[in-house]
Amino acid sequence: MLIDTLLYFYMQVRLSYVRIKYLFISWLVVFVGSWIMYVQYSTYTELCRGHDCRKIICDKYKTGVIDGSACSSLCAKETLYFGKCLSTKPNNQIYLGIWGNLQSVIKCQMEEAAQLDFGTDPEPRKEIVLFDKPTRGTTVEKFKEMVYGLFKAKLGEQGNLSELVNLILSFADGNKDGRVSLPEAKSAWALLQLEEFLLMVILQDKEHTPKLMGFCGDLYVTERVEYTSLYGISLPWMIELLIPSGFRRSMDQWFTPSWPRKAKIAIGLLEFVEDIFHGPYGNFLMCDTSAKNLGYNDKYDLKMMDMRKIVPEINLKEIIKDRQCDSDLDCVYGTDCRTLCDQSKMRCTTEVIQPNLAKACQLLKDYLLRGAPSDIHEELEKQLYLCIALKVTANQMEMEHSLILNNLKTLLWKKISHTNDS
């Protein structure tokens, strides 16, 4: 009898302990889940400010300050919609969009465009200077002089800058009435402060640049690209939090296209490097060569997703030459544009160490070598490592640059030219 009583008492205590244990675990799960959701919601509301962006732009449009080819659809007809938020920084708003029956990407600046500064955040956008140029009374000829001067400062002395000015004026004429109004000119001037927009205009006839569809103020709309990174798959944010970074990188490698398709995408990146290397308006430097900045369409043609860190070489040199430094680590723009620190002057030198091609090959090395056909694996690896070793200061760099680039394109193209993926 006593044993039965003690056993009963033990079982009751045991059940109470189990209940308390599971109650505590349940409470902990709810607490952690609520905290994660709160953090994510706070982050989302900070990063995704599409409503504010639209309000600022449409207020300016409705008061006649700005105008452009997308203004009526965005603010009056409401046929241009903000969709899924893709923003990674509060000042650079990026959304999937729908414009009528067309899928698009909407980009809007919530703060003043960041100047080429090293390691500093952009100053908050000030309403009092927003869309302040050109002023009332400015003639078209005067506006053309303003645009020409801006291009000269950014791109240097180029014999064909006048052609680029005319191209900008043609784009600025949003309603295609043959003239650029003051509101249209204000929008165009604001957009030209953005490195990405300028480069997109310059490269609009190139295959690997998304097409510009329209603009309103410093908001602009581009074509939508189906795949938005070289690697990986998109997972819900809660699952992303639980996956270790090392395992995530392995997953990225699993979820890539077949090798012939990867080769076609890689050829596209090499062609883009050619497009911006000593092109018609000078040399541009890729200062953030990341897989997340590159995408491709359903035909596996490469498309540049983010060109904000592709900058004119002359512009970068002008700013970096007066940059104070203690070590080479102080002479970096973005993640990939590095120069040396002159210890005798404690100033950064102006020559970027690596050319764009070397950085592109570094990105493509693992991407292309994984799954590469055995008959070209060794030669492909050799060419990629030669490419990665390229230095701007090397003798005959331009000749080596051209040779390696052509060798890589030829090697890849020969292997896929007979396949459906070509």
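Keep in mind that what you see is a predicted model, and the values were worked out from it rather than measured.

One covalent bond between the sulfur atoms of two cysteine residues makes up a disulfide. Counted under the stated rule, the structure contains eight disulfides. Each disulfide pairs two cysteine sulfurs, and for Cys 58 the partner residue is Cys 75, the sulfurs being separated by 2.1 Å. Judged by the sign of its S-S torsion, about -85°, the bond between Cys 58 and Cys 75 is left-handed. Separated by 17 residues along the polypeptide, Cys 58 in helix H2 (residues 50-62) and Cys 75 in helix H3 (residues 71-76) bring together distant segments of the chain. The same class applies to Cys 58 as to Cys 75, namely buried.

Attention now goes to the pairing of strand S2 (residues 92-99). Of all the eight residues making up S2, seven are buried; the element is thus mostly covered by neighbouring parts of the structure. Of the pairings in the sheet, the one linking strand S1 (residues 80-85) to S2 comprises four bridges and is antiparallel in character. The residue bridging Tyr 81 from the neighbouring strand is Ile 98, located in S2. Hairpin connection of S1 to S2: six residues between the antiparallel strands.

Okay, helix H12 (residues 356-369) next. The end-to-end C-alpha distance of H12 is 20 Å, a good match for the 20 Å that 14 residues give at a rise of 1.5 Å each. The largest bend along H12 measures about 35° and falls at Leu 363. With 12 of 14 residues buried, H12 is to be regarded as a mostly interior element. Listing the buried residues of H12 in full gives Asn 356, Leu 357, Ala 358, Lys 359, Ala 360, Cys 361, Leu 363, Leu 364, Lys 365, Tyr 367, Leu 368 and Leu 369. Lining the buried residues of H12 we find helix H10 (259-276), strand S6 (284-286), strand S7 (294-296), strand S11 (337-338), helix H13 (374-388) and helix H14 (397-416). Positive backbone phi, at 85°, marks Gly 371, one or two positions downstream of H12.

Further remarks concern the pairing of strand S4 (residues 212-216). Most of S4 is tucked away: four of the five residues are buried. Inspection of the sheet shows S4 paired to strand S5 (residues 219-223) by four bridges, in the antiparallel sense. Residue pairing for S5: Cys 216 is matched across the bridge by Leu 219. Hairpin connection between S4 and S5: a loop of two residues separates the two successive antiparallel strands, and Gly 217 in this loop has a positive phi of roughly 65°.

With that settled, the discussion passes to the packing of H10 against H12. Direction vectors running N to C along H10 and H12 enclose 175°, while the axes themselves pass 10 Å from each other. On the basis of their axis angle, the class for H10 and H12 is roughly antiparallel. From H10, Trp 259, Lys 262, Ala 263, Ile 265, Ala 266, Leu 269, Leu 270, Val 273 and Ile 276 reach across to H12, where they touch Asn 356, Leu 357, Ala 360, Leu 363, Leu 364, Tyr 367 and Leu 368. When its residues are assigned to classes, the contact of H10 with H12 shows 14 nonpolar, one polar and one charged.

Omega for the peptide link from Lys 133 to Pro 134 comes to -5°, which places this bond in the cis form. Along the polypeptide, Pro 134 turns up in the loop between strand S3 (102-109) and helix H4 (140-155). A positive phi angle is found at Glu 78, which is not glycine, with a value near 55°. Here Glu 78 shows up in the loop between H3 and S1.

Moving on: the packing of aromatic side chains. Tallying each qualifying case throughout the model produces eight aromatic pairs. Relative to Tyr 296, the ring of Tyr 227 has its centre 4.7 Å away and its plane inclined at 20°; by these criteria the two rings are stacked. Separated by 69 residues along the polypeptide, Tyr 227 in the loop between S5 and helix H8 (237-242) and Tyr 296 in strand S7 bring together distant segments of the chain. Take Tyr 227: its relative accessible area is 30%, and that puts it in the partly exposed class. What links up through ring pairs into an aromatic cluster is the set Phe 171, Phe 197, Phe 215 and Tyr 220. In this structure, Lys 262 is placed above the aromatic ring of Tyr 367, and the distance from its NZ or CZ to the ring centre is 5.4 Å.

Quick look at empty space enclosed by the protein now. Scanning the entire structure with this criterion turns up two cavities of 30 Å³ or more. Empty space within the largest cavity amounts to approximately 60 Å³. Lining the largest cavity, in full, are Leu 199, Ile 202, Leu 203, Lys 206, Asp 275, Ile 276, Gly 279, Pro 280, Tyr 281, Gly 282 and Phe 284. Among the secondary structure elements, those contributing two or more residues to the lining of the largest cavity are helix H7 (195-202) and H10. Class assignment for the residues of the lining of the largest cavity results in seven nonpolar, two polar and two charged.

Okay, the nonpolar core next. Residues Phe 151, Trp 259, Phe 272, Ile 310, Leu 357, Leu 380 and Leu 412 are the most contacted members of the largest nonpolar core, which totals 73 residues. When sequence neighbours within four positions are dropped, the list of residues in contact with Trp 259 reads Leu 368, Arg 370, Gly 371, Ala 372, Pro 373, Ile 376, Leu 380, Leu 412, Lys 415 and Ile 416.

Bringing the packing of H4 against helix H5 (residues 161-172) into the picture now. Running from N to C, H4 and H5 cross one another at 125°; their axes reach a closest spacing of 9 Å. Judged by the inter-axis angle, H4 sits oblique to H5. Seen from above, H4 lies across H5 with right-handed handedness. Along the contact surface, H4 presents Val 140, Phe 143, Lys 144, Val 147, Tyr 148, Phe 151, Lys 152 and Leu 155, while H5 presents Leu 161, Ser 162, Leu 164, Val 165, Asn 166, Ile 168 and Leu 169. Its residues assigned to classes, the contact of H4 with H5 comprises 11 nonpolar, two polar and two charged.

Here we come to the confidence of the model for the chain. The pLDDT averaged across the chain works out to 84; a share of 79% of its residues lies at or above 70. pLDDT under 50 marks residues 33-44. Its contacts with residues more than four places away, or in other chains, come to six contacts. Long-range and interchain partners of residues 112-128, a stretch whose pLDDT sits below 50, account for 35 contacts in this model, where long-range means more than four residues apart.

Basis of the calculations
Residues numbered from 1 in each chain as written. Predicted model: local features only at pLDDT ≥ 70, side-chain atom pairs only at ≥ 80, totals over all residues. Heavy atoms only, no water. Disulfide = S-S within 2.5 Å. Helix = DSSP H or I, 4+ residues; strand = E, 2+ residues; numbered from the N terminus. Buried < 20%, exposed > 50% of the residue type's maximum accessible area, 1.4 Å probe, protein only. Pairing = 2+ DSSP bridges. Expected span 1.5 Å × (residues − 1). Bend = angle between axes of the 7 residues up to and from the residue. Contact = heavy atoms within 4.5 Å. Axes fitted to C-alpha atoms, helices over the stretch in contact; angles between N-to-C directions. Parallel < 35°, antiparallel > 145°, perpendicular 65-115°, else oblique. Nonpolar A, V, L, I, M, F, W, Y, C, P; charged D, E, K, R; others polar. Phe/Tyr/Trp six-rings, centres within 6.5 Å; stacked < 30°, edge-to-face > 60°. Lys NZ or Arg CZ within 6 Å of the ring centre and 35° of its normal. 1 Å grid on protein atoms, 1.4 Å probe; cavity = no way out; pocket = protein on both sides within 12 Å on 5 of 7 lines; lining within 4 Å. Points joined across faces, edges and corners; volume = space filled by probe spheres on them. Core = buried A, V, L, I, M, F, W, Y, C linked by side-chain atoms within 4.5 Å. Left-handed = near helix turned anticlockwise from the far one by under 90°. pLDDT = per-residue confidence, 0-100.

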